[in-house]
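What the coordinates show
Here's the letter readout for the chains.
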Amino acid sequence: MTIKTDAVIIGAGPCGLFQVFELGLLDIHCHVVDSLKQVGGQCSELYPDKPIYDIPALPVCGAQELADRLMEQIKPFHAQFHLGQTVTHLAQTPEGRFTLETSAGTRFDAAAVILAAGLGAFQPRRLRVRGAEEWENRNIHYRIREPEKLEGKNIIILGGGDSALDWTLELHGKAKKVTLVHRREEYRALPASVNRMKSLVNGDSLAEFHGHVRSVFEQDGGFGGLEIAAHDGVDHRIEADEVFVFWGLSPNLGPIADWGLDLDKRQVRVDTEKFQTNVPGIFAVGDINTYPDKKKLILSGFHEAALAAFAVQHHIHPEQKIRLQYTTTSPLMHKRLGVED
């Protein structure tokens, strides 16, 4: 059975969720497909507890909290989600519509397609050293799901970006010991986080180490920790109960790369009026798109979603005059939002 709809959004991260809202205000119905088994994209998958400080009117908002708030906001529009599946096939019909099929066999017939897939079907960069594979998802992890369970444990955190520093600071004083391991002395994280980490380093509850991971070692038949090669060539054994790897993501556009879109490396080129790709009817918002002076901010993605929604409306209904109506005063907007007096 083929599902006929106005639009299919590929990606259920913050930008994809806000795209549902903007389309809903214009009475455009959509289905959302995401390769992950839950909504929220990278925010929910990799750092659900990470604080975000640049969402308007919210001085601080957890990444998972942001996804939850967006889901609450789009409730009036009854979008249908198809999670744990990827779009494997996309083709344009002679009438200008699009046929899509997912890895789960779900088929769509859509008037428009919006790519909000972030970095694509991303995977965390894995720890590929001797002995690591055996302990993955047991003692070696790529995200922290339940930080309260790490209390009193010896933790190694690998990485030099914001996620690694944020979790180092978050777990300091809760875990028995946190050892931050980075391949070089320079960090990619915010300078304030780096400075705070260095001020807390004491060798006991928080240690900083520079070098490369050589292997996993076992102890008494169980997980022991990591063998690290320091810059002076000396190997050190660092004991740990758990290891968390924050080396970033390995982006992969997957089938999207074969859809005839104008690509710049792993991103899709769009215009800045409609956020439309080189294929009329296919739009892209958020981290997956690129244009001159592109800024990879959630805030920017929200702006792109708003403008793309009007472009989608014009693409689907070119004969209709587009009227900008305000949610504060428009009875029609109130009706669609379910807030009629």
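Here is a short report on the structure shown in this document. (Residues numbered from 1 in each chain as written. Predicted model: local features only at pLDDT ≥ 70, side-chain atom pairs only at ≥ 80, totals over all residues. Heavy atoms only, no water.)

Before going further, it helps to examine the nonpolar core. Judged by nonpolar contacts, the single largest core of 66 residues is most densely connected at I10, L23, L100 and L115. Counting residues per element, this core draws most heavily on helix α7 (residues 298-316), at eight residues. Sequence-distant contacts of I10, defined by excluding residues within four places in its chain, comprise V33, V87, L100, V113, I114, L115, A116, A117 and W259. In this structure, L127, I140, L158 and V213 belong to the second largest nonpolar core, which totals 20 residues. (Core = buried A, V, L, I, M, F, W, Y, C linked by side-chain atoms within 4.5 Å. Buried < 20%, exposed > 50% of the residue type's maximum accessible area, 1.4 Å probe, protein only. Helix = DSSP H or I, 4+ residues; strand = E, 2+ residues; numbered from the N terminus. Contact = heavy atoms within 4.5 Å.)

Ordered in space as β10-β16-β11-β12-β13-β14-β15, the seven strands form an open sheet in which the pairing is mixed. Both edges of this open sheet fall to β10 (140-141) and β15 (235-239), since each of them pairs with a single strand only. Where strand β11 (residues 154-158) meets strand β16 (residues 242-245), four bridges bridge the pair, whose relative direction is parallel. Residue pairing in the sheet places L158 in a bridge with V245 of β16. (Pairing = 2+ DSSP bridges.)

Within the open sheet, the three strands sit side by side as β18-β19-β21. Their pairing is mixed. The open sheet has two free edges, formed respectively by β18 (263-264) and β21 (289-290), since each of these has just one partner strand. As paired elements, β18 and strand β19 (residues 267-269) share two bridges and run antiparallel to each other. From the neighbouring strand, L263 faces β19, where its bridge partner is V268.

This part is about the packing of helix α5 (residues 162-171) against helix α6 (residues 191-200). Each packed pair of helices is defined by two parameters, the angle between the axes and the distance between the axes. Taken N-terminus to C-terminus, the directions of α5 and α6 make an angle of 40°; their axes are 10 Å apart at the nearest point. With respect to α6, the element α5 is oriented oblique. The chirality of how α5 crosses α6 is left-handed. Two secondary-structure elements touch here, α5 through L165, D166, T168 and L169 and α6 through S193, V194, R196, M197 and L200. A breakdown of the residues in the contact of α5 with α6 according to their chemical character gives five nonpolar, two polar and two charged. (Axes fitted to C-alpha atoms, helices over the stretch in contact; angles between N-to-C directions. Parallel < 35°, antiparallel > 145°, perpendicular 65-115°, else oblique. Left-handed = near helix turned anticlockwise from the far one by under 90°. Nonpolar A, V, L, I, M, F, W, Y, C, P; charged D, E, K, R; others polar.)

Turning to the environment of E101, a few remarks are in order. For E101, the location among the structural elements is in strand β7 (residues 98-102). For the pair E101 and I298, spaced 197 residues apart in the sequence, the C-alpha separation amounts to 28 Å. Residues contacting E101, with those up to four places away along its chain left out, are T86, V87, T88, H89, T106 and R107.

Let us now look at the pairing of β16. Neither face of β16 is exposed, since E242 and F244 on one face and V243 and V245 on the opposite face are all buried. Relative to β16, β10 is paired through two bridges, and the arrangement is parallel. Paired with I140 across the bridge in β16 is V243.

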